[in-house]
Amino acid sequence: MDKKVISGYIKNITAIMVVYAIIFYLIQIKVINNYYNGILILAGIYIIVAASLNLATGYLGQLALGHAGFMAIGAYTAALFAIAVDLPKYVELVAGLILGGVVAGIFGLIIGIPALRLRGDYLGIVTLGFGEIIRIALLNLSFTGGAAGLKGIPRYVNFTEIYFLVVLVIAFLFAFIRSRHGRAILSIKEDEIAAESVGIPTTFYKVYGFVVSAFIAGVGGGALGFYQRILDPKKFNFMFSVEFFIIVVLGGMGSITGTILAALALAFINEFLYSIDELRLVIYALTLIILMIFKSDGLLGRKEFSLIKLLNRFSKKTKIENAD
Amino acid sequence: MSLLKTEHIGMTFGGLKAVSDFSIEINENELVGLIGPNGAGKTTIFNMLTGVYAPTEGKVFLGETVVNKKKPYQIVTMGLGRTFQNIRLFKELSVIDNIKIAFHKDMSYSTVSAVFRGKKYWKEEKEIDIKARELLGLFNMEEDANVLSSNLPYGKQRKLEICRALATNPKLLLLDEPAAGMNPQETKELMETIAFIREKFKVSILLIEHDMSLVMGICERIIVIDYGRVIAAGTPDEIKSNEKVIGAYLGQ
């Protein structure tokens, strides 16, 4: 590890802590009231799930329309676990989230192996069907509380927990994408035949990428349960999956920072549009159409916002000014 | 010992016999040309050799192993690299990433090491960065390392594809119409590149090509196929004067 890398880490960690401290302070002095705090937490969950979908769609290039299903599996697993056991808060939280992710990942594996033989629209339809199966199953099973929903989940997630969970997920995704495994996943999106011809086991990496994506969606679902304290199967419908898809397209397929931006924006827009719920999807569609006309690859395209680069540019400018 | 050997391989698509009874043997450090009219089955043969199609008849040997049922990525690890008729680069990735992807099979660090940026990650990433830049340097492309590969001029895209195939460290390289779409100047450069590759990497080459100046100029041995069957094989001079080849392909 050279010095540049270490200094980059230090800068990023400092920035993360500073942002956290500012928002935390604003919450403490009630500038951000409970209402906005709630939106921020939901935005965090949106970021996690949308980022996981970006891995499957933006990087791996597979059309996945059932992420609400993986989320539901993660949410119910984590919630049922926390209700069943009696352990300290953080142990239950961490174990619950991991368990939720693992179970969602297992389902990802089960449907990924046959489904990823399909391409494009067909894969979209299969994943969509999967999401609906999960929702209907949750509605009709007794141990999940059925249509009445699952109640009595402890509230373990607040701003602090969700903030650091988001940081963890984003850091994980960045590190994962910028490795040989990430490059293999990217190459499949670019050209599957060429990838295979230079020694990438494409089937393995397609399933692997999909399972990792399902795992993270499951963790995001778990966090949702621990925040809302009640899980309603009707929430995890097809439109919920589509919302994440919209976030990914808006932010840019293959840009994690774009996803963060779009998820934050959509979470707030969502709240303001609550009173005119029937118009919400119309507005989404319009936003997408306008975006497709003016910037067809999303807000950030494939680019990533980088604090280090921004700082470097800034310091260069000041150096030049000083020299003058 | 031969690098690649096929015994009477054939390929049937439904009722259509695309290739039948095709036998070939390629030894170390050979340059063999595969020519024939369009639709004769040349690319089908390449696809059988590289595992894209499993031959419906016969056997393909790499060294002494039968590779009929192996997948393309497994065949690559056994030392068979290829390029495509229509260039297949990873278009939206940089030139150096295109090469690095081809080094994937030489690396072994795990996902855990990647996520926590372990020692092995830094070591292997540094190694392939150096190796990839060296390889690009051999083809005078080191300045293009960070360019998006789709932004390269056509000739360089072809070169990059060959470069990427070489990064998989092949013993035998299959080139599918490397000169397609090139002007005479670029074709000449390509011939020099191919000669250089043989010299430097000690690989055997099997190439499909329609540009007769290139084929006759550099190939030591030529195989001509038509309607999926071998109609002639021999040195360029023998092929030039072969009646069957003139009738089917070269013309008077």
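Residues numbered from 1 in each chain as written. Chains lettered and ligands numbered in written order. Predicted model: local features only at pLDDT ≥ 70, side-chain atom pairs only at ≥ 80, totals over all residues. Heavy atoms only, no water.

**What to know about the overall build of chain A**
Working step 1: A count of helices and strands for chain A gives 13 helices and zero strands.
Working step 2: When the helices and strands of chain A are read in sequence order from the N terminus, they spell out α-α-α-α-α-α-α-α-α-α-α-α-α.
Working step 3: Taken over the C-alpha trace, chain A has a radius of gyration of 20 Å; the compact-globule value for 324 residues is 20 Å, and the two agree within 12%.
Working step 4: Expressed along its principal axes, the backbone C-alpha trace of chain A runs to roughly 75 × 60 × 45 Å.
Working step 5: Of all intrachain contacts in chain A linking residues separated by at least 6 positions in sequence, the fraction that spans at least 24 positions is 82%.
Working step 6: Total accessible area computed for chain A in this model is approximately 15200 Å², and 70% of it derives from carbon and sulfur atoms.
Working step 7: Charge centroids of chain A, computed over 27 positive and 19 negative side chains, lie 6 Å from each other. (Helix = DSSP H or I, 4+ residues; strand = E, 2+ residues; numbered from the N terminus. Rg over C-alpha atoms; globule rule 2.2 N^0.38 Å. Contact = heavy atoms within 4.5 Å. Areas by Shrake-Rupley, 256 points an atom, 1.4 Å probe, with all protein chains shown as cover. Lys, Arg positive; Asp, Glu negative; His and termini not counted. Charge placed at Lys NZ, Arg CZ, Asp CG, Glu CD.)

**A word on a nonpolar patch on the surface**
Working step 1: A grouping of I276, L279, V282, L286, I289, I290, I293 and F294 of chain A is seen on the molecular surface, where their side chains present a nonpolar patch of about 790 Å² in accessible area.
Working step 2: By secondary structure assignment, the location of I289 of chain A is in helix α12 (residues 277–294). (Patch = residues over 30% accessible without salt bridge, like charges linked within 9 Å, V, L, I, M, F, W, Y side chains within 5 Å. Salt bridge = Lys/Arg side-chain N within 4 Å of Asp/Glu carboxyl O.)

**Quick look at the sheet that holds strand β4 (residues 57–62) of chain B**
Sheet strands pair by backbone hydrogen bonding; their relative direction is either parallel or antiparallel.
Residue and element names in this part refer to chain B.
Working step 1: Strand order in this open sheet of four strands is β2-β1-β4-β5, and the pairing throughout is antiparallel. Where the open sheet ends on each side, the last strands, each with one partner, are β2 (16–26) and β5 (65–66).
Working step 2: Sheet topology places strand β1 (residues 4–13) next to β2; seven bridges connect them, and they run antiparallel. Note on β2: the bridge partner recorded for F13 is L16.
Working step 3: Against the sheet, helix α1 (residues 42–49) makes contact with β1, β2 and β4, and its axis sits at roughly 115 degrees relative to β1, the strand it touches most. (Pairing = 2+ DSSP bridges. Axes fitted to C-alpha atoms, helices over the stretch in contact; angles between N-to-C directions.)

**Considering helix α6 (residues 154–167) of chain B**
Working step 1: Taking 1.5 Å of rise per residue, the 14 residues of α6 of chain B would be expected to cover 20 Å, and the 20 Å separating its terminal C-alpha atoms lies within 8% of that figure.
Working step 2: Taking burial as the measure, the 14 residues of α6 of chain B include eleven buried ones, the bulk of the element.
Working step 3: Every buried residue belonging to α6 of chain B is among G155, Q157, R158, L160, E161, I162, C163, R164, A165, L166 and A167 of chain B, and all of these are buried.
Working step 4: Buried residues along α6 of chain B sit in contact with α8 (192–197) of chain A together with β6 (80–82), α3 (95–102), α5 (119–138), β7 (172–176) and α7 (184–201) of chain B. (Expected span 1.5 Å × (residues − 1). Buried < 20%, exposed > 50% of the residue type's maximum accessible area, 1.4 Å probe, protein only.)

**Digging into the side chain of R164 of chain B**
Working step 1: Checked against the element boundaries, R164 of chain B lands in helix α6.
Working step 2: It is E161 of chain B that comes nearest to the buried, bridge-free R164 of chain B among opposite-charge side chains, at 4.0 Å.
Working step 3: Residue contacts for R164 of chain B: discarding those within four places in its chain leaves A194 and V198 of chain A together with R88, L89, F90, N98, I99 and A102 of chain B.

**Looking at the interface of chain B and chain A**
Working step 1: Counting residues at the interface gives 32 residues for chain B, matched by 29 residues for chain A.
Working step 2: Across the interface of chain B and chain A, roughly 2700 Å² is buried in total on both sides, 63% from carbon and sulfur atoms.
Working step 3: When the buried area of chain B at its contact with chain A is split by residue, Y73, F90 and H104 of chain B rank highest and sum to 23% of it.
Working step 4: At the junction of chain B with chain A, the criterion picks out two salt bridges.
Working step 5: A salt bridge links E125 of chain B to R183 of chain A, with the shortest nitrogen-to-oxygen separation between them at 3.1 Å.
Working step 6: Inspection of the chain B/chain A interface yields 14 residue pairs in polar contact (both at pLDDT 80 or more).
Working step 7: Counting residues per element, the ones that place at least two in the side of chain B that touches chain A are α2 (72–77), α3, α4 (111–115) and α5 of chain B.
Working step 8: Its residues placed into classes, the side of chain B that touches chain A shows 16 nonpolar, five polar and eleven charged. (Buried area = accessible area lost by both parts, 1.4 Å probe. Polar contact = N/O pair within 3.5 Å; in protein donor to acceptor, adjacent residues only side chain to side chain. Nonpolar A, V, L, I, M, F, W, Y, C, P; charged D, E, K, R; others polar.)

**Observations regarding the confidence of the model for chain B**
Parts of the model with low pLDDT should not have their predicted coordinates read in detail.
Working step 1: Of the residues in chain B, 100% reach a pLDDT of 70 or more, and the chain-wide mean stands at 91.
Working step 2: Across chain B, α3 of chain B holds the top mean pLDDT of 95, while helix α10 (residues 243–250) of chain B sits lowest at 84. (pLDDT = per-residue confidence, 0-100.)

**Brief notes about the environment of A263 of chain A**
Residue and element names in this part refer to chain A.
Working step 1: Mapped onto the fold, A263 is located in helix α11 (residues 256–272).
Working step 2: Given a relative accessible area of 0%, A263 falls into the buried group.
Working step 3: Along the sequence, A263 and F244 sit 19 residues apart, while their C-alpha atoms lie 8.2 Å from each other.
Working step 4: Not counting residues up to four positions away in its chain, the partners in contact with A263 are A43, Y46, I47 and I247.

**Description of the environment of G251 of chain A**
Residues and elements named next belong to chain A.
Working step 1: Within the secondary structure layout, G251 lies in helix α10 (residues 238–251).
Working step 2: Exposure remark for G251: the relative accessible area of 0% places this residue in the buried category.
Working step 3: Along the sequence, G251 and A50 sit 201 residues apart, while their C-alpha atoms lie 9.7 Å from each other.
Working step 4: Every residue in contact with G251, bar those within four places of it in the chain, is listed here: G258, T259, A262, G298, L299, L300 and G301.

**Notes on the pairing of strand β8 (residues 204–208) of chain B**
The side chains of a regular strand alternate, residue by residue, between the two faces of the sheet.
Residue and element names in this part refer to chain B.
Working step 1: Counting buried positions along β8 yields five of five residues, so the element is predominantly enclosed.
Working step 2: Judged from the four bridges that link them, strand β3 (residues 31–35) and β8 form a sheet pairing that is parallel. Residue L34 lies in a different strand from β8, and its bridge partner there is I208.
Working step 3: Pairing of β7 with β8, which is carried by five bridges, proceeds in the parallel orientation. Bridge pairing links L173 to I205 in β8.
Working step 4: In this region the chain leaves β7, passes through α7 and returns to the parallel neighbour β8; the handedness of that crossover is right-handed. (Right-handed = clockwise from strand over helix to strand, strands pointing away.)

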